[in-house]
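Fold and contact review
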Amino acid sequence: MSYSTAALVGPVTLDDVRGAQKMLAGVARVTAMEGSRHLSRLVGAPVHLKCENLQRTGSFKLRGAYVRIAGLLPEQRAAGVVAASAGNHAQGVALASSLLGVHSTVFMPKGAPLPKISATRDYGAEVRLHGQVVDETLAAAQEYAERTGAVFIHPFDHPDVIAGQGTVGLEILEQCPEVRTVVVGIGGGGLAAGIAVAVKALRPDVRIVGVQAEGAAAYPPSLAAGRPVAVENPATMADGIRVGRPGDVPFGIVGDLVDEVRTVSEDELSTALLLCLERAKLVVEPAGASPVAALLSEPGAFEGPVVTVLSGGNVDPVLMQGVLRHGMAAQGRYLAVRLRLTDRPGALATLLGVLSVIDANVLDVSHVRTDPRLGLTEAEVELHLETKGPEHCAEVDRALREAGYPVIA
């Protein structure tokens, strides 16, 4: 995708981003830039992780929310602000409002994770639970704004919000001046647009790559159509980028300044999250891991040095458990097998002995004796095993067959 210097003059400029950076001094952290030896080996060039998961409130959202609310007129501040969010934006608005002495009301879905609801309240917002999905919550927040005069703080579709998020781009250039590629997740587009404004204005040679989850990828069809196009029923574990339609303001910037938008699968997202935890010792939510997922899917496609933006770390513990299991399964570190054996005392112990010799860890055993498909002296066993990867899975399968166990699946 081409861009021109003329495109740098638009609803958000480099001066806007620099002004936002001054405004955020002492409010938002200059987050760490960590190297990744594992990803660097895969890509064949230095790879750095921009750790916005370590930002106050656990994501980049504080930046844009604070700049937006700080820019309100005194009478607007007096009326308070309102937002709708299932997590990161809610917490960013809550903390920004508290720091600026503005009353905030945040609508959240009834099914929002309890840790995120609790954190939003702790940051000072009045939380109202409404609706089962974010669209219903959003409609309630907008109705509240119209009825009370509170200012609605959009999560991505406003120039001030984009300028605030763009301060991440300025920090990237300061911390890694030799950067050649920046990879960032895209939901509505505010973060990618802000980073693109800052980086392209100062380093037009740097490639900006956006990443979306396959099940919520509204930008590819929108860019092809030349206008924001809604995706029906966006579905992905990465709730931070589960947005059905690009924002009008960021869409124009992304279209002009972002060089490419890639998509990643749920398997790639969970594998990336697991890698961040195991190799980088960083807790990252699925949306924050999306740039890493893009690198894992095609490491040779990125010119280094590469900076991947880990946009957030607010992952629900219950979701984390499921994602980690999914990630381990995607890496071939879980194996499920069904087999038949003679129903006699000690038969199961003998089977487990075979698995012990090849160092397969048994997580769960299901023993069935009453299925009509079984012979009179047969039993069926389903095993869930933890393995060391695809090669070990093949070794387990081979050892079971050589020991005389007919493997069904």
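Residues numbered from 1 in each chain as written. Predicted model: local features only at pLDDT ≥ 70, side-chain atom pairs only at ≥ 80, totals over all residues. Heavy atoms only, no water.

1. Overview of the pairing of strand β11 (residues 334-342)
Let me state the cut-off plainly: To sort residues, take the accessible area from a 1.4 Å probe on protein chains only and compare it with the maximum for the residue type: under 20% means buried, over 50% means exposed, and anything in between is partly exposed. For the purposes of this entry, the term helix denotes a DSSP run of H or I that reaches at least four residues, the term strand denotes a run of E that reaches at least two, and both are numbered from the N terminus. Two strands make a pair as long as DSSP finds a minimum of two bridges between them.
Of the two faces of β11, only the one carrying Leu335, Val337, Leu339 and Leu341 is buried; Tyr334, Ala336, Arg338, Arg340 and Thr342 on the other face are not. Strand direction decides the pairing type here: β11 and strand β13 (residues 378-386), joined by nine bridges, are antiparallel. Looking across to β13, one finds that Ala336 is bridged to His384.

2. Let's talk about the sheet that holds strand β3 (residues 81-84)
For the record, the criterion: The contact criterion used is simple: two residues touch if any of their non-hydrogen atoms lie within 4.5 Å. Every angle, taken between N-to-C directions, lies between 0 and 180 degrees, and every axis is a line fitted to C-alpha atoms, over only the stretch in contact when it is a helix.
Read from one edge to the other, the open sheet built from four strands follows the order β5-β4-β3-β6, with strand pairing classed as parallel. Each having just a single partner strand, β5 (126-129) and β6 (151-152) make up the two edges of the open sheet. With two bridges connecting them, β3 and β6 associate as parallel partners. Bridge pairing in β6 links Val81 to Val151. Against the sheet, helix α7 (residues 134-148) engages β3, β4 (104-108), β5 and β6, with an angle of about 165 degrees to β3.

3. Quick word on the pattern of salt bridges
When their charged atoms lie close together, side chains carrying opposite charge are able to pair. This is how the line gets drawn: When a carboxyl oxygen of Asp or Glu lies within 4 Å of a side-chain nitrogen of Lys or Arg, that pair is called a salt bridge.
Counted according to the given criterion, the structure contains 14 salt bridges. Across the pair Lys116 and Asp239 runs a salt bridge, and its minimum N-O distance is 3.3 Å. Of this pair, Lys116 sits in helix α6 (residues 114-122) while Asp239 sits in the loop between α10 (219-225) and α11 (248-257), placing them 123 residues apart in sequence. With relative accessibility at 7%, the residue Lys116 sits in the buried group. A relative accessible area of 26% places Asp239 in the partly exposed class.

4. Describing the sheet that holds strand β7 (residues 181-185)
In spatial order, the strands read β1-β2-β10-β7-β8-β9; together these six strands make up an open sheet with mixed pairing. The sheet terminates laterally at β1 (33-35) and β9 (260-264), the two strands that pair on one side only. The sheet shows a mean angle of 25 degrees between the axes of neighbouring strands, direction not considered. Across three bridges, β1 lies against strand β2 (residues 47-51) in antiparallel orientation. Bridging across to β2, Gly35 finds its partner in His48. Across the sheet, helix α13 (residues 286-297) lies against β2, β7, β8 (207-213), β9 and β10 (306-310), angled at about 145 degrees from β10, the strand it touches most.

5. Regarding the confidence of the model for the protein
Condition: In predicted models, pLDDT denotes the confidence assigned by the predictor to each residue on a 0 to 100 scale.
Residue-level pLDDT values for the protein average 89, and 92% of them are 70 or greater. Long-range and interchain partners of residues 1-9, a stretch whose pLDDT sits below 50, account for 19 contacts in this model, where long-range means more than four residues apart.

6. Regarding the packing of helix α12 (residues 266-278) against α13
Note the threshold: When describing relative orientation, an angle under 35 degrees is termed roughly parallel and one over 145 degrees roughly antiparallel, while 65 to 115 degrees is termed roughly perpendicular and anything else oblique. All residues other than Ala, Val, Leu, Ile, Met, Phe, Trp, Tyr, Cys, Pro, Asp, Glu, Lys and Arg, Gly among them, are scored as polar; the first ten of these are nonpolar and the last four charged.
One way to put it is that α12 packs onto α13 with a least axis distance of 7 Å and a crossing angle of 100 degrees. What the angle tells us is that α12 and α13 run roughly perpendicular. Facing α12, whose interface residues are Glu268, Leu269, Thr271, Ala272, Leu273, Leu275 and Cys276, α13 presents Pro286, Ala289, Ser290, Val292, Ala293, Leu296 and Ser297. Partitioned by chemical class, the residues of the contact of α12 with α13 number ten nonpolar, three polar and one charged.

7. Quick look at a positive patch on the surface
Using the following cut-off: Excluding any residue in a salt bridge, patches collect residues exceeding 30% relative accessible area, merging like charges within 9 Å and nonpolar Val, Leu, Ile, Met, Phe, Trp and Tyr side chains within 5 Å. The accessible surface values rely on the Shrake-Rupley method and a 1.4 Å probe; as for residues, cover is taken only from the protein chains in view. Counted as positive: Lys and Arg. Counted as negative: Asp and Glu, with His and the chain ends omitted from the count. For the purpose of locating charges, the reference atoms are NZ of Lys, CZ of Arg, CG of Asp and CD of Glu.
Among the surface-exposed residues, Arg37, Arg41, Arg279 and Lys281 lie close enough to one another that they form a single positively charged patch. In this fold, Arg41 is placed in helix α2 (residues 37-43).

8. Considerations on unusual backbone geometry
Glycine aside, residues mostly have negative phi angles, and peptide bonds mostly take the trans form. Here the amide bond leading from Gly304 into Pro305 is cis, since omega sits at 0 degrees, within 30 degrees of zero. Relative to the helices and strands, Pro305 is located in the loop between α13 and β10. The phi dihedral of Thr57 falls on the positive side, at around 70 degrees, and the residue is not glycine. Mapped onto the elements of the fold, Thr57 is located in the loop between β2 and α3 (61-70).

9. Concerning the side chain of Ser290
Topologically, Ser290 is positioned in helix α13. The exposure class of Ser290 is buried, given its relative accessible area of 0%. Once residues lying within four places of it in the same chain are set aside, the contact partners of Ser290 are Gly185, Val211, Ile241, Val264 and Leu269.

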